[in-house]
Amino acid sequence: MTNRVTVRPCSVAWPNRRMITAFIAGVPLFAAIPAAAQVSPSVAPSVAIDVRSEPITAFDVRDPSRRQFGLLEFRGGLVLRSSHSSFGGISAIRVAADGAHFIALTDKGWWFRGRLVYEDTRPAGIADAEMAPMLGPDGKPLAARGWYDAESIAADGGTLYVGIERVNQIVRFNYGKEGLLARGHPVALPPGLRALPANKGVEALVFVPKGLPLAGSLIAISERGLDKMGNIIGFLIGGPSPGSFAIKRSSNYDITDAALLPGGDVLLLERRFGWDSGLGVRMRRIALDEIKPRALVEGSVLLDADLGYEIDNMEGLSVHRDTAGEIVLTLVSDDNFSAVQRTLLLQFVLAEF
């Protein structure tokens, strides 16, 4: 059964939101956070930053009292701001099992990590925030070699895999041991992945742990790398059944991230933009056992929202189970370093079925 929330275009005028959509049209788990690693003299250490937050108390702009959206219950959100020059452009996030510590990355090739602070169950701020450039195998910033368009994170214990869209590369970091000074080493990739469009390439990564179908596989999904039938191309790297598969593309949505639910299903985050339709955000749920080489998968829609809701250019998605046993989804937006966009952090609880 498909559980869908469809949001129709709103007639209320929000000039700042229309500016956001116009701009977007022009541009396209792990172990506990380790103590600071010893700093190499040739590498700048991480820097502590101040992140200011403004609460988002309602997801539905037109009905602030509404909390339920299909199987999703809105917990709360934040508008995040910082004066640090590299803050912004957040494209991926992974929240640790404690629901507080997180690691995120930016388009410009910087790590951003910190601790989520809560009031009851509602996100209330960011503490202990710091940033550092992502390093390549030579110890120099990845951005220095043009590998700056980091878009996705997958976690295998203390190992982080990061997808770099601009060059269609995936690099592996020993984050659990070396923290923000870990060096990224490229991993072997199938030729088809390297041939994806330069600005529509690797956008989502999921690592499948032991005990689930496809255990040991790294699932890599393109933003809008299309097969001959116009569907989105994905790859199974390593694991028991390496190969490629496709995700049914519909309503002009592109993939922006993915995460694994506790039961093993894959949750997709998607975005679309059209001059007539405006900006939209969608989430789909796909059964993991349907993903296999040469398969075409579609899944069910959990949420389909437009600018009548508190959204922006949503690009990051993480899943964790809280102390009460509830499945919590954390979404973040990429503001493209633009004054007319926002860095949002939103949290929902997903009902199990």
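Note: the structure precedes this text.
Sequence order sets the numbering: in each chain, residues are counted from 1 along the sequence as written. Per-residue local features are limited, in this predicted model, to residues with pLDDT of at least 70; the limit for side-chain atom pairs, both in listing and counting, is 80 or more; totals at the level of whole chains, interfaces and linings are taken over all residues. The basis for every side-chain value is the complete set of heavy atoms in the structure, and neither hydrogens nor water enter the calculation.

Q: Lay out the pairing of strand S16 (residues 243–247) in plain terms, naming residues and giving numbers.
A: Whether two strands pair depends on DSSP finding at least two bridges between them. By definition, any uninterrupted DSSP run of H or I lasting at least four residues is a helix, any uninterrupted run of E lasting at least two residues is a strand, and each is numbered from the N terminus. As paired strands, strand S15 (residues 232–238) and S16 are joined by five bridges and run antiparallel to one another. Within S16, the position partnered with Leu-236 by the bridge is Gly-243. As consecutive antiparallel partners, S15 and S16 are separated by four residues, and within that stretch Gly-239 has a phi angle of approximately 70°, a positive value. Where S16 meets strand S20 (residues 296–297), two bridges bridge the pair, whose relative direction is parallel. Among the inter-strand pairings, Ile-247 is bridged to a residue of S20, identified as Val-297.

Q: Break down the pairing of strand S24 (residues 343–350) for me, with residues and values.
A: Exposed residues in this analysis have more than 50% of their type's maximum accessible area, buried residues have under 20%, and partly exposed residues fall in between, with area computed by a 1.4 Å probe over protein chains only. Most of S24 is tucked away: eight of the eight residues are buried. Where burial is concerned, the two faces of S24 agree: the one with Thr-343, Leu-345, Gln-347 and Val-349 and the one with Leu-344, Leu-346, Phe-348 and Leu-350 are both buried. Pairing analysis gives eight bridges linking strand S4 (residues 72–81) to S24, with the strands arranged antiparallel. Across the sheet, residue Leu-80 finds its bridge partner in S24, namely Thr-343. With six bridges connecting them, strand S23 (residues 327–333) and S24 associate as antiparallel partners. From the neighbouring strand, Ile-327 faces S24, where its bridge partner is Leu-350.

Q: Give a detailed account of the packing of aromatic side chains, specifying residues and quantitative values.
A: In this scheme Phe, Tyr and Trp rings, the latter by its six-membered ring, pair at centre separations within 6.5 Å, and the angle between planes marks the pair as stacked below 30 degrees, edge-to-face above 60, and tilted otherwise. Throughout the structure, instances matching the rule amount to 11 aromatic pairs. Among the aromatic residues, ring-to-ring pairing joins Phe-59, Phe-69, Phe-74, Tyr-309 and Phe-348 into one connected group. Seen from the ring of Phe-337, Lys-108 lies directly overhead, with NZ or CZ sitting 4.2 Å from the centre. Lysine and arginine charges are scored as sitting over a ring when NZ or CZ, respectively, is within 6 Å of the ring centre and within 35 degrees of the ring normal.

Q: Lay out the pattern of salt bridges with the relevant residues and their values.
A: We define a salt bridge as a contact between a side-chain nitrogen of Lys or Arg and a carboxyl oxygen of Asp or Glu at a distance within 4 Å. For the coordinates displayed, the defined rule picks out 21 salt bridges. As a salt-bridge pair, Asp-265 and Arg-285 come within 3.0 Å of each other at their nearest N and O atoms. Of this pair, Asp-265 sits in the loop between strand S17 (254–260) and strand S18 (266–274) while Arg-285 is found in strand S19 (residues 278–286), placing the two residues 20 residues apart along the sequence. Look at Asp-265 and you get partly exposed, because its relative accessible area is 21%. Overall, Arg-285 belongs to the buried group, its relative accessible area being 15%. Beyond isolated ion pairs, a larger network of salt bridges with shared partners links Asp-60, Arg-62, Arg-66 and Asp-306.

Everything listed here is a matter of geometry and, on its own, says nothing about what the molecule does.
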